[in-house]
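Structural description and commentary
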Amino acid sequence: MTQPPLPQPPAPDERPCIKICEHEDATGWCLGCGMTKLERKAWKRAPAYRATIRASLPPRLEALSAQGHVTGPAAGRRKRKDD
């Protein structure tokens, strides 16, 4: 039996935003993707910073998760349940 293909990582220019857009108060990091509002705006206007922004996101999401926040796609599911 063959395994299903693994999901492909996003292309370097593809926005990491997953449309959660709920920001943690102390850091300003999005619980869905890890970007700040300023970084979200810079994504379009400053392509040279995309690799730097993208590299900073996994550690941010891990830090938020360690603080007890629900992160990534699960943050969106939690948000909808609370509504």
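Structure: above.
Predicted model only: the values in this text are computed from it and were never measured. (Residues numbered from 1 in each chain as written. Predicted model: local features only at pLDDT ≥ 70, side-chain atom pairs only at ≥ 80, totals over all residues. Heavy atoms only, no water.)

Let's shift gears to the overall build of the protein. The secondary structure content of the protein amounts to three helices and zero strands. In sequence order, the protein lays out its α and β elements as α-α-α. Sorting the 83 residues of the protein into buried and exposed places 29% on the buried side. Partitioning the contacts of the protein with sequence separation of at least 6, the portion at a separation of at least 24 is 57%. Working note: accessible area of the protein is about 6200 Å², and carbon and sulfur atoms make up 57% of it. (Helix = DSSP H or I, 4+ residues; strand = E, 2+ residues; numbered from the N terminus. Buried < 20%, exposed > 50% of the residue type's maximum accessible area, 1.4 Å probe, protein only. Contact = heavy atoms within 4.5 Å. Areas by Shrake-Rupley, 256 points an atom, 1.4 Å probe, with all protein chains shown as cover.)

Close contact between helix H1 (residues 37-45) and helix H2 (residues 50-66) brings their axes to 10 Å; oriented N to C, the two are set at 150°. The angle between the axes of H1 and H2 places the two elements in the roughly antiparallel class. For the crossing formed where H1 meets H2, the hand is left-handed. Note on element contacts: H2 touches H1 through Arg 50, Ile 53, Arg 54, Ser 56 and Arg 60, opposite Glu 39, Trp 43 and Lys 44. (Axes fitted to C-alpha atoms, helices over the stretch in contact; angles between N-to-C directions. Parallel < 35°, antiparallel > 145°, perpendicular 65-115°, else oblique. Left-handed = near helix turned anticlockwise from the far one by under 90°.)

A cluster of basic side chains, namely Arg 15, Lys 19, Lys 37, Arg 40, Lys 41, Lys 44 and Arg 45, defines a positive patch on the protein surface. On the basis of relative accessibility, which here comes to 70%, the residue Arg 45 falls in the exposed class. (Patch = residues over 30% accessible without salt bridge, like charges linked within 9 Å, V, L, I, M, F, W, Y side chains within 5 Å. Salt bridge = Lys/Arg side-chain N within 4 Å of Asp/Glu carboxyl O. Lys, Arg positive; Asp, Glu negative; His and termini not counted. Charge placed at Lys NZ, Arg CZ, Asp CG, Glu CD.)

Moving on, we come to the nonpolar core. With seven residues, the main nonpolar core is built from Cys 17, Cys 30, Cys 33, Met 35, Trp 43, Ile 53 and Leu 57. Contact partners of Met 35, with chain neighbours within four places excluded, come to Pro 16, Cys 17, His 23, Gly 28, Trp 29, Cys 30, Arg 40, Trp 43, Ile 53, Leu 57 and Arg 60. Counting residues in each nonpolar core, the second largest holds five residues, with Ile 20, Leu 61, Leu 64 and Ala 75 among its members. (Core = buried A, V, L, I, M, F, W, Y, C linked by side-chain atoms within 4.5 Å.)

In this section: the environment of Gly 34. You can see Gly 34 is positioned in the segment before H1. What Gly 34 contacts, discounting residues up to four positions off in sequence, is Trp 29, Glu 39, Leu 57, Arg 60 and Leu 61.

Phi is positive for Lys 19, which is not a glycine, with a value near 65°. A positive phi angle, near 50°, is found at Cys 21, a position not held by glycine. Here Cys 21 is to be found in the segment before H1.

Our next topic: the side chain of Arg 60. Assignment of secondary structure puts Arg 60 in helix H2. Setting aside chain neighbours within four positions, we find Arg 60 in contact with Trp 29, Gly 34, Met 35, Thr 36 and Glu 39.

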